[in-house]
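Listed here are the chains, written in short residue letters.
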Amino acid sequence: MSKFTLRLHHASGIDPVEEVLSDVQDEFEARELARMRLLLTRDFSHVELHSLGAPLETFARDSEA
């Protein structure tokens, strides 16, 4: 089981998508990947980063994006 997962919340309000960050063991790398995932996909309003199932941080899209 991976240490980190992302919960991607759609801007349209449909159910969030969960993605496993395979082979990521470093918290810094997990945070950067969460930010990049949000920036590269306009479908999501915000991303929750989880570590071992517990919420770690939430990244939200800027309102101007």
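The sections below set out a description of the structure shown in this document. Computed from a prediction, not measured in an experiment: that's the story for all the values here. (Residues numbered from 1 in each chain as written. Predicted model: local features only at pLDDT ≥ 70, side-chain atom pairs only at ≥ 80, totals over all residues. Heavy atoms only, no water.)

1. Quick notes on the overall build of the protein chain
Counting its secondary structure elements, the protein chain contains one helix and four strands. When the helices and strands of the protein chain are read in sequence order from the N terminus, they spell out β-β-α-β-β. For 65 residues, the compact-globule formula gives about 11 Å, and the C-alpha radius of gyration of the protein chain, at 11 Å, lands near that figure. Viewed in the frame of its principal axes, the protein chain has a C-alpha envelope of about 30 × 20 × 15 Å. Counting every position in the protein chain, which comprises 65 residues, the buried fraction comes to 34%. For the protein chain, the share of sequence-separated contacts (at least 6 apart) that also reach a separation of at least 24 residues comes to 40%. A total of about 4,400 Å² of accessible surface is found on the protein chain, and carbon and sulfur atoms cover 51% of it. (Helix = DSSP H or I, 4+ residues; strand = E, 2+ residues; numbered from the N terminus. Rg over C-alpha atoms; globule rule 2.2 N^0.38 Å. Buried < 20%, exposed > 50% of the residue type's maximum accessible area, 1.4 Å probe, protein only. Contact = heavy atoms within 4.5 Å. Areas by Shrake-Rupley, 256 points an atom, 1.4 Å probe, with all protein chains shown as cover.)

2. Topic: the environment of Thr41
Tracing the backbone through its elements, the reader meets Thr41 in the loop between helix H1 (27-40) and strand E3 (44-51). The spatial distance from the C-alpha of Thr41 to the C-alpha of Leu8 is 10.0 Å, given a sequence separation of 33 residues.

3. Re H1
Spanning 14 residues, H1 covers 20 Å between terminal C-alpha atoms, matching the ideal 20 Å at 1.5 Å per step. Taken residue by residue, H1 has Ala30, Arg31, Ala34 and Leu38 as its buried positions. Looking straight down H1, one finds that the buried residues subtend no more than 100 degrees of arc, so they occupy a single side. Among the exposed residues of H1, those pointing more than 90 degrees away from its buried face are Phe28, Leu39 and Leu40. Looking at the packing, one finds that the buried side of H1 touches strand E1 (4-10), E3 and strand E4 (54-60). Two or three places before Phe28, at the start of H1, stands the capping residue Asp26, its side-chain oxygen 3.2 Å from that residue's backbone nitrogen. (Expected span 1.5 Å × (residues − 1). Arc of directions from axis to C-beta. Polar contact = N/O pair within 3.5 Å; in protein donor to acceptor, adjacent residues only side chain to side chain.)

4. Observations concerning the nonpolar core
Of all hydrophobic cores here, the largest spans twelve residues; its members are Phe4, Leu6, Leu8, Leu21, Val24, Ala30, Ala34, Leu38, Phe44, Val47, Leu49 and Phe59. Elements represented by at least two residues in this core include exactly E1, H1 and E3. Leaving out residues up to four positions away in the same chain, Ala30 has contacts with Phe4, Leu21, Val24 and Leu49. (Core = buried A, V, L, I, M, F, W, Y, C linked by side-chain atoms within 4.5 Å.)

5. Re a nonpolar patch on the surface
A cluster of nonpolar side chains, Leu33, Met36, Leu39 and Leu40, forms an exposed patch at the surface whose accessible area comes to about 430 Å². With respect to the helices and strands, the residue Leu40 is situated in helix H1. You can call Leu40 exposed: its relative accessible area is 69%. (Patch = residues over 30% accessible without salt bridge, like charges linked within 9 Å, V, L, I, M, F, W, Y side chains within 5 Å. Salt bridge = Lys/Arg side-chain N within 4 Å of Asp/Glu carboxyl O.)

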